[in-house]
There are 2 protein chains.
Amino acid sequence: MGALRISIAQLDYHTGNFEYNAQKIISNINAAKEEGIDLIVFSELCVCGYPPRDFLEFADFIDQCSRAVEEIAQHCVGIAAIVGAPAVNPVVEGKDLFNAAFFLADGKIKDVRHKTLLPNYDIFDEYRYFEPNSTFNIVEYKGCRIALTICEDLWNINENPMYVLNPMNELAKQQPHVMINIAASPFNKHQAETRTQVMKDNVMKYNIPLFYVNHIGAQTQLIFDGGSMVLDANAEVIDTFAFFREERRSYTLNPDHKDIKAHKPTTARQTGVMERIHNALVLGVREYFIKQGFSKAILGLSGGIDSAVVLALAVEALGNENVRAVLLPSEFSSRHSIDDAVALAKNLDVQYDIISIKEAYNSIYHSVQPQFEGLPFGIAEENMQARVRGVILMAMSNKFGYILLNTSNKSEMAVGYGTLYGDMCGGLSVIGDLYKTEVFQLAAYINREQEVIPVHTITKPPSAELRPDQKDSDSLPDYAVLDAVLERYIEKRKSPKEIIASGFDEALVKRILKMVNTNEWKRMQAPPVLRVSAKAFGPGRRMPIVAKYLS
Amino acid sequence: MGALRISIAQLDYHTGNFEYNAQKIISNINAAKEEGIDLIVFSELCVCGYPPRDFLEFADFIDQCSRAVEEIAQHCVGIAAIVGAPAVNPVVEGKDLFNAAFFLADGKIKDVRHKTLLPNYDIFDEYRYFEPNSTFNIVEYKGCRIALTICEDLWNINENPMYVLNPMNELAKQQPHVMINIAASPFNKHQAETRTQVMKDNVMKYNIPLFYVNHIGAQTQLIFDGGSMVLDANAEVIDTFAFFREERRSYTLNPDHKDIKAHKPTTARQTGVMERIHNALVLGVREYFIKQGFSKAILGLSGGIDSAVVLALAVEALGNENVRAVLLPSEFSSRHSIDDAVALAKNLDVQYDIISIKEAYNSIYHSVQPQFEGLPFGIAEENMQARVRGVILMAMSNKFGYILLNTSNKSEMAVGYGTLYGDMCGGLSVIGDLYKTEVFQLAAYINREQEVIPVHTITKPPSAELRPDQKDSDSLPDYAVLDAVLERYIEKRKSPKEIIASGFDEALVKRILKMVNTNEWKRMQAPPVLRVSAKAFGPGRRMPIVAKYLS
């Protein structure tokens, strides 16, 4: 083969928006063609967006997607392209679709390759829709023998492989010159290292270069960080794409396949975990709005750290002119809470309202007096305050077209320390995948250059302020302990015995785990949570509500 | 072989409650043994309950389950038993578990068979956890060659098979005398006919008798109706178990395998669709409470048909002494609504309260006046009324330990004609899988012997009563038309073009489908819905929130 000029397009797609996705793909093909590129590669299921979820069960959705692929193919004259889209399975036995990579050249579909390993864990449901591939053939183009695989196909390379098959083992028998992997690999805070290691492991095993292309963008809960990369045959990462940003970069693969030259060499720097989380959440918020045609957010600002962090992220995502904060003090709100909230709103230059809930709360409380007569103040009255706030925030949302941002953190969602239909309201949970201790770290990151969030908001003891002198620590263990136990149970799925053995009090562990399990019913009605960990509440964690285990 | 006495146990299990499940299984084994039974058969994953969902990812959960299987095995002396439980996959490649049938005899585990076909559509997620079986061996017991399969293994027998493999084809080569299928096959309103046909098709194909055992009981959204059955070699259903009820029934399989004798012959009658739905929902409500240790329900009673039907079902499920109705009239509530609601509460002899929302609504409305100043009454104010009701109902729920029953129907959930955090509140959605037209049919069924639900509630035009003289028909098409379009889109997944072609107005169809798609964000926060159709809102229907298709 001669030298092959390859372009990798790391782009942002909109699920079901075939016209938008096809136009973006076509304009990148045209631009690459002008640069003399031979082959341009797009990511997994780019034509329909990832994840399309049950839209894949609609024949019309598949038809529209197939037409878009054909339209894209017509632009592939004098250049080849690889795009991801579902392909109809012509065999009657098995599922009706494949997750496919279409190789487009000469104005038509020249070849199609199917995904073999279908992820079906955590947030993935691919076996719900797709038949696994069982035939293995490289793609030849301009003398270059390409082992073309899709995302998970390269991930069965650890000590406890999830699949019995390894598609690259089959393709390697056909002496490919290069691997190309098209992916839709969502962000989590430690994914960049894992992903790089997996790609290196593959190159070390098969000894040929690898082009890896990922999405960027956010799809409801899922955030795609990009981080596409190119590895030479020695498993050196010779180029890493930007994170959280669209980018197209081009390379020349030399005839001996040992050398790849980036046309404009740069390597994106690896960033720290809090910077990643910050950038992921900003992108997640921004795209939740843009892709639904909304621009304006509202949220309740309590003076506490959770709503402070969410407000700072929202301002960065949407602009200060598009964010409105509402302070909703009650008789239990401290003066400093109001002061801290106002100071933050002023620091961020956002419009804010102060709406007292005293009168509305008293009025609702009065409505149920015949029923509550003689009973002491308790959880019901605490929740009532939180719910009155929810009613007011949703009224503002409905009246002015704001999306209400939810400010719950993962620790309180885990143990049910929040009011359903109260502070659990919102269209999107921004920090619902951050434990309270991580919220503090993120606040410190936000304040890295100047005091955006008032320092008092960070240093004062957390409180829901729903009764006099209340502190979170009245009902919950210290957050450092709580979060350590939660992380072992939720992320690592450890047993009570193992958690206790790692140094926690037995009664406390049992109490925490019981709280987690008995609050599934609340979490089920929570807003979608932007996912930044390997195990977020939402579609990646599917627990029964009615069950007895550890509860 | 000699004659084999087989007992089939159709029981109700509690997910994760190993002690309860094991004791129930053991006591049935002991009772069968006393009757001289050779083999007793329990249903799929009976030891841990079905579906265990992500509890399967906890090693401790699997350990507890394995210990329960071993404990059960110790009671199988002088009798054999088949129980369903997860089995650990000893091979490092592939998923870590199998969905297994344990054959217990001589006080130990004699044999294990694994499920081949793993359902992963609608509400099913089995490939998330289990490795598919790939080796096929019959089980021999007392000279009887048993083809032992698990649920879906017999369901790949239609014109568009979902799987490439057919495990019974493999087992048939080993000349089995009989098929035994252990199942966890959830109810839907047409499932009984489908299930019977599938079992007949298998017997007609393989020409041997079949014992089919299913669960009963409810697991959050899923209701298991039982309907276990026995078919002779001629594909005659010689015995059908009760629906929605525990039952153990016994048979003698004669040596020539052509003749099966039921020890106490009866065949459960097939019931009409509305009777089934009624019984399913009553069981679903009852078990949601019992299995969580709750007994008392509360709901808002509007005088309309939805809350009337839910109240009648709740009274049947929990007893009139455990149900409390709350009337929450506003300035827009008509006199007849209050009268109808009171009449119903009296007919059903339930405690009821009348709590006006006028004062609380005015107070909240007043709180936001500085923000709303000069803007006309609109959706925000309508929603505010619904949300004030939600706050009051949840306050009662929190104060007295009631579970709030949600009264939304499928039509309004589909098009978003309901207030999130308002009338969409509740721990359980009782009729959220019934279209409005079906709610009317169910009301007629409830009134089949006497007027339980006041006839005026059934005959008056539906209204949310959130503004003067409001009718549902002001904003929505006629329910007969709406439901017909929704059913084509949701259950049948038809394209707009196909729906229009079947005789509906183009603009109307597009408007309805857009409403369905743009209200995913609301449904995502809805309570769990008792599933009675083949496609209910909830875990069986997974749609993106952020997407553009048809919206």
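So, a few notes on the structure that sits alongside this text.

### Let's talk about the packing of aromatic side chains
All names here are of chain B.
Right, on to step 1. Summed over all chains, the structure comprises 38 aromatic pairs over all chains.
Right, on to step 2. Centre to centre, the rings of Tyr129 and Phe130 are 6.2 Å apart; their planes meet at 70 degrees, and the pair counts as edge-to-face. Exposure class is identical for Tyr129 and Phe130. Each is buried.
Right, on to step 3. Measuring from ring centre to ring centre gives 5.8 Å for Tyr361 and Tyr365, while their planes differ by 25 degrees; the resulting arrangement is stacked. Remark: Tyr365 and Tyr361 occur in helix α8 (residues 358-367); sequence separation between them is four residues, near one turn of the helix.

### Overview of the packing of α8(B) against helix α10 (residues 379-400) of chain B
All names here are of chain B.
Right, on to step 1. At a closest axis distance of 10 Å, the pairing of α8 and α10 adopts a crossing angle of 130 degrees. Classified by the angle between their axes, α8 and α10 sit oblique to one another. Considering how the two elements wind past one another, α8 and α10 form a crossing that is right-handed. When α8 is examined against α10, the residues Ala360, Tyr361, Ile364 and Tyr365 are found in contact with a partner set consisting of Glu381, Met384, Gln385 and Val388.
Right, on to step 2. The residue makeup of the contact of α8 with α10, split by class, is six nonpolar, one polar and one charged.

### Quick word on the relation of the copies chain B and chain A
Right, on to step 1. Note on the copies: chain B fits chain A at an RMSD of 0.0 Å, the axial shift is 0.0 Å, and the rotation between them is 180 degrees. Overall, the copies show the geometry of a two-fold rotation axis. Taking the C-alpha atom as reference, chain B places Gln525(B) closest to the rotation axis, 2.1 Å from it.

### What about helix α17 (residues 506-518) of chain B?
Residues and elements named next belong to chain B.
Right, on to step 1. Helix length check: α17 (13 residues) gives 18 Å between terminal C-alpha atoms against 18 Å at 1.5 Å per residue, within 8%.
Right, on to step 2. Listed in full, the buried residues belonging to α17 are Leu508, Val509, Ile512, Leu513, Met515, Val516 and Asn517.
Right, on to step 3. Summarising the contacts, the buried residues of α17 are in contact with α11 (410-415), α15 (479-490), α16 (496-501) and α18 (520-523).
Right, on to step 4. Residue Asp505 occupies the N-cap position of α17, its side-chain oxygen lying 3.3 Å from the main-chain nitrogen of Ala507.

### Description of the sheet that holds strand β15 (residues 260-262) of chain A
Residue and element names in this part refer to chain A.
Right, on to step 1. Ordered by their spatial adjacency, seven strands build an open sheet running β5-β4-β3-β2-β1-β14-β15, and the pairing between neighbours is mixed. Pairing within the sheet leaves two strands with one partner each, and these edge strands are β5 (108-114) and β15. Along the sheet, successive strands turn relative to each other by an average axial angle of 30 degrees, direction set aside.

### So, the interface of chain B and chain A
Right, on to step 1. Between chain B and chain A, the residue contacts involve 102 residues of the former and 102 residues of the latter.
Right, on to step 2. Of the roughly 8,700 Å² buried at the junction of chain B and chain A (both faces included), carbon and sulfur atoms supply 62%.
Right, on to step 3. For the chain B face of the interface with chain A, the top three residues by lost area are Arg542(B), Val546(B) and Tyr549(B), together amounting to 9%.
Right, on to step 4. Our count for the chain B to chain A interface comes out at seven salt bridges.
Right, on to step 5. The shortest N-O distance in the salt bridge between Lys399(A) and Glu381(B) comes to 2.7 Å.
Right, on to step 6. For the interface between chain B and chain A, the tally reads 44 residue pairs in polar contact (both at pLDDT 80 or more).
Right, on to step 7. Counting residues per element, the side of chain B that touches chain A draws most heavily on α10(B), at 14 residues.
Right, on to step 8. When its residues are assigned to classes, the side of chain B that touches chain A shows 51 nonpolar, 26 polar and 25 charged.

### Observations concerning the sheet that holds strand β3 (residues 80-88) of chain B
Residues and elements named next belong to chain B.
Right, on to step 1. Strand order in the open sheet made by the seven strands is β5-β4-β3-β2-β1-β14-β15, with mixed pairing throughout. Edge positions in the sheet fall to β5 (108-114) and β15 (260-262), since each of these pairs with one other strand and no more. Averaged over all pairs of adjacent strands, the angle between their axes in this sheet comes to 30 degrees, without regard to strand direction.
Right, on to step 2. Note: strand β2 (residues 39-41) against β3, three bridges, orientation parallel. Across the sheet, the residue bridging to Leu39 is Ala80, located in β3.
Right, on to step 3. Contacting β3, β4 (97-105) and β5, helix α2 (residues 59-74) runs over the sheet at an angle of about 160 degrees to β3.

### Description of the nonpolar core
Right, on to step 1. Residues Phe42(A), Val47(A), Ile512(A), Phe42(B), Val47(B) and Ile512(B) are the most contacted members of the largest nonpolar core, which totals 201 residues.
Right, on to step 2. Excluding residues that lie within four positions of it along the chain, Val47(B) makes contacts with Phe18(B), Asn21(B), Ile25(B), Cys65(B), Ala68(B), Val69(B), Ile72(B), Val83(B), Gly84(B) and Ala85(B).

### Considering the side chain of Ser7(A)
Residues and elements named next belong to chain A.
Right, on to step 1. Following the sequence through the fold, Ser7 ends up in strand β1 (residues 4-10).
Right, on to step 2. Judged by its relative accessible area of 0%, Ser7 falls in the buried class.
Right, on to step 3. Within the local environment of Ser7, its side chain forms a polar contact with the side chain of Ser250, the two groups lying 2.9 Å apart.
Right, on to step 4. Each residue touching Ser7, except ones within four places of it in the same chain, is listed here: Ala32, Ile37, Leu39, Ile40, Val41, Arg248, Arg249 and Ser250.

### Here we look at the pairing of strand β8 (residues 178-182) of chain B
All names here are of chain B.
Right, on to step 1. Along β8, five of the five residues are buried, which leaves the element largely enclosed by surrounding structure.
Right, on to step 2. Neither face of β8 is left uncovered, since the one carrying Val178, Ile180 and Ile182 and the one carrying Met179 and Asn181 both have all their residues buried.
Right, on to step 3. Summarising the sheet, strand β7 (residues 144-150) and β8 pair through five bridges and their orientation is parallel. Within the sheet, the bridge partner assigned to Ile150 lies in β8 and is Ile182.
Right, on to step 4. Handedness of the crossover joining β7 and β8 through helix α3 (residues 167-172): right-handed.
Right, on to step 5. One ladder, built from four bridges, connects β8 with strand β9 (residues 210-213); its direction is parallel. For Met179, the partnering residue across the bridge sits in β9 and is Leu210.

### Let's talk about the pairing of strand β13 (residues 237-240) of chain B
Residues and elements named next belong to chain B.
Right, on to step 1. The sheet contact formed by strand β12 (residues 229-231) and β13 spans three bridges and is antiparallel. Bridge pairing in β13 places Val230 opposite Asp239.
Right, on to step 2. Linking β12 to β13, which pair antiparallel, is a turn of five residues; within it Ala235 sits at a positive phi near 70 degrees.

### With respect to the pattern of salt bridges
Oppositely charged side chains can pair when the atoms bearing their charge come close.
Right, on to step 1. All told, the structure shown has 71 salt bridges over all chains when counted by the stated rule.
Right, on to step 2. When the shortest N-O distance is used, the salt bridge between Arg324(B) and Asp353(B) registers 2.8 Å. Of the two residues, Arg324(B) is situated in strand β17 (residues 323-327) and Asp353(B) in strand β18 (residues 351-354); the sequence distance between them amounts to 29 residues. Asp353(B) matches Arg324(B) in its accessibility class, with the two residues each being buried.
Right, on to step 3. One salt-bridge network, in which partners are shared between bridges, spans Asp122(A), Arg493(A), Arg531(A), Lys535(A) and Glu57(B).

Procedures and definitions
- Residues numbered from 1 in each chain as written.
- Chains lettered and ligands numbered in written order.
- Predicted model: local features only at pLDDT ≥ 70, side-chain atom pairs only at ≥ 80, totals over all residues.
- Heavy atoms only, no water.
- Phe/Tyr/Trp six-rings, centres within 6.5 Å; stacked < 30°, edge-to-face > 60°.
- Buried < 20%, exposed > 50% of the residue type's maximum accessible area, 1.4 Å probe, protein only.
- Helix = DSSP H or I, 4+ residues; strand = E, 2+ residues; numbered from the N terminus.
- Axes fitted to C-alpha atoms, helices over the stretch in contact; angles between N-to-C directions.
- Parallel < 35°, antiparallel > 145°, perpendicular 65-115°, else oblique.
- Left-handed = near helix turned anticlockwise from the far one by under 90°.
- Contact = heavy atoms within 4.5 Å.
- Nonpolar A, V, L, I, M, F, W, Y, C, P; charged D, E, K, R; others polar.
- Least-squares fit on C-alpha atoms with pLDDT ≥ 70 in both.
- Expected span 1.5 Å × (residues − 1).
- Polar contact = N/O pair within 3.5 Å; in protein donor to acceptor, adjacent residues only side chain to side chain.
- Pairing = 2+ DSSP bridges.
- Buried area = accessible area lost by both parts, 1.4 Å probe.
- Salt bridge = Lys/Arg side-chain N within 4 Å of Asp/Glu carboxyl O.
- Core = buried A, V, L, I, M, F, W, Y, C linked by side-chain atoms within 4.5 Å.
- Right-handed = clockwise from strand over helix to strand, strands pointing away.

Nothing here speaks to function; it is all geometry.
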